[in-house]
Amino acid sequence: AQTVTQSQPEMSVQEAETVTLSCTYDTSESDYYLFWYKQPPSRQMILVIRQEAYKQQNATENRFSVNFQKAAKSFSLKISDSQLGDAAMYFCAYYGANSKLTFGKGITLSVRP
Amino acid sequence: ETGVTQTPRHLVMGMTNKKSLKCEQHLGHNAMYWYKQSAKKPLELMFVYNFKEQTENNSVPSRFSPECPNSSHLFLHLHTLQPEDSALYLCASSQELLSGNEQFFGPGTRLTVL
C-alpha cells in the first residue's frame with residue numbers, strides 16, 4: 001500500500017520569506033499523481049498544486065511550486081513571498097492505481113507578521 | 001450555492017442517537033467521497049460512490065451507513081456511535097473516479113459523540 005509521510009508537524013515562516021514543506025511517499029507504481037492541499041482554520045480544504053508523475057517538469061502555481069524528485073520519492077512544496085493568508089494546514093496526497101487519495105498527516109504552517 | 005456544501009456544520013449526539021450528515025455538490029461531478037479527519041492522523045477515506053454506486057467501503061464499521069440517492073447528494077447515517085468516532089467528517093467530489101482529478105471538499109461536519 002502507498003504511504004505518504006510528512007515528518008514535520010509544524011513550521012513557521014516570516015511574512016514575505018520563502019518556506020519549503022517536505023513530503024515523501026512510498027510506492028511501487030510508475031504512474032500516479034501527487035497533490036498539495038491547503039486547509040485554512042475552519043475553512044474548506046482546497047487544492048494548491050497538482051503534479052503528474054510522468055511529467056518531469058515541476059508544477060508551478062503563482063507563488064507555489066514543487067520540487068518533484070521521482071527517484072527519491074520526494075515531493076516538497078515551496079511557498080515564495082509568504083503571506084498571512086498562507087497560514088493553514090497543508091496536506092500532501094498521493095493518487096495511484098487504486099483510485100484512492102492517500103494523505104499525509106499534514107503540517108501546520110504559521111506566518112509571522 | 002456553489003461547490004460542495006455540508007450540513008450540519010456541528011453535531012453533538014449521544015451514543016444511542018441516530019443522526020444523518022448531508023452533503024451536496026453543485027459541480028456536476030460523478031464521484032463523491034466521505035472522509036474522517038481526526039487530530040494528528042491522516043485523512044481516512046471511508047466511502048466512495050461513482051455514478052451513485054458504492055465502489056469503496058474502507059472497512060468502516062456498520063454504525064456508519066452511507067446513502068447516495070443521486071450524483072449530487074450523499075448522506076452518512078449514524079447510529080450507536082462511540083466517543084472515538086468524534087471527528088471532522090469531510091465530503092468531497094470529483095469529476096471522475098478513475099483519474100487524478102482534483103477533489104473538491106466541503107467544509108465538514110464537526111461531530112462530537114458523548
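The following refers to the structure shown. (Residues numbered from 1 in each chain as written. Chains lettered and ligands numbered in written order. Predicted model: local features only at pLDDT ≥ 70, side-chain atom pairs only at ≥ 80, totals over all residues. Heavy atoms only, no water.)

**With respect to the pattern of salt bridges**
- Enumeration over the complete set of coordinates arrives at 7 salt bridges over all chains.
- A salt bridge links A:Arg50 to A:Glu52, with the nearest nitrogen and oxygen atoms 3.1 Å apart.
- A:Arg50 sits in the partly exposed class, given a relative accessible area of 29%.
- Given a relative accessible area of 13%, A:Glu52 falls into the buried group.
- Measuring nitrogen to oxygen at the nearest pair gives 2.7 Å for the salt bridge that ties B:Asp85 to B:Arg63. Here B:Asp85 is found in the loop between strand 8 (73–79) and strand 9 (87–94), whereas its partner B:Arg63 is found in the loop between strand 6 (53–57) and strand 7 (64–70), with 22 residues between them in sequence. (Salt bridge = Lys/Arg side-chain N within 4 Å of Asp/Glu carboxyl O. Buried < 20%, exposed > 50% of the residue type's maximum accessible area, 1.4 Å probe, protein only. Helix = DSSP H or I, 4+ residues; strand = E, 2+ residues; numbered from the N terminus.)

**Concerning the environment of A:Phe91**
- Tracing the sequence through the fold places A:Phe91 in strand 10 (residues 88–95).
- For A:Phe91, a relative accessible area of 1% translates into the label buried.
- Considered as a pair, A:Phe91 and A:Pro113 are 22 residues apart in the sequence and their alpha carbons are 23 Å apart.
- Beyond its immediate stretch of four places on either side in the chain, A:Phe91 contacts A:Gln6, A:Phe35, A:Trp36, A:Tyr37, A:Gln39, A:Met45, A:Phe103, A:Gly104, A:Lys105, A:Gly106, B:Gln37 and B:Leu43. (Contact = heavy atoms within 4.5 Å.)

**Let's talk about the interface of chain B and chain A**
- Listed as interface residues are 23 residues of chain B and, on the opposing side, 17 residues of chain A.
- For the pair chain B and chain A, the summed buried area comes to about 1,600 Å², and 54% of that belongs to carbon and sulfur atoms.
- At the boundary of chain B with chain A, the tally comes to 1 salt bridge.
- Its salt-bridge partner being A:Lys100, residue B:Glu56 comes within 2.8 Å of it at the nearest N-O pair.
- Linking chain B with chain A are 8 residue pairs in polar contact (both at pLDDT 80 or more).
- Counting only elements with at least two residues in the side of chain B that touches chain A, the list comes to strand 4 (31–37) and strand 9 of chain B. (Buried area = accessible area lost by both parts, 1.4 Å probe. Polar contact = N/O pair within 3.5 Å; in protein donor to acceptor, adjacent residues only side chain to side chain.)

**What to know about the pairing of strand 3 (residues 18–25) of chain B**
All names here are of chain B.
- Of the pairings in the sheet, the one linking strand 1 (residues 4–7) to strand 3 comprises 4 bridges and is antiparallel in character. Within strand 3, the residue paired with Thr7 across the bridge is Lys22.
- Note: strand 3 against strand 8, 7 bridges, orientation antiparallel. Across the sheet, residue Glu24 finds its bridge partner in strand 8, namely His73. (Pairing = 2+ DSSP bridges.)

**Notes on the pairing of strand 8 (residues 64–69) of chain A**
Residues and elements named next belong to chain A.
- With 2 bridges connecting them, strand 7 (residues 60–61) and strand 8 associate as antiparallel partners. Bridging across to strand 8, Glu61 finds its partner in Phe64.
- Hairpin geometry of strand 7 and strand 8 is characterised by an intervening segment of 2 residues between the two adjacent antiparallel strands and by a positive phi of about 55 degrees at Asn62.
- Sheet topology places strand 8 next to strand 9 (residues 74–79); 6 bridges connect them, and they run antiparallel. Within the sheet, the bridge partner assigned to Ser65 lies in strand 9 and is Lys78.
- Between strand 8 and strand 9, which pair antiparallel and follow one another directly, the connecting turn spans 4 residues, one of which, Lys73, has a positive phi of 55 degrees.

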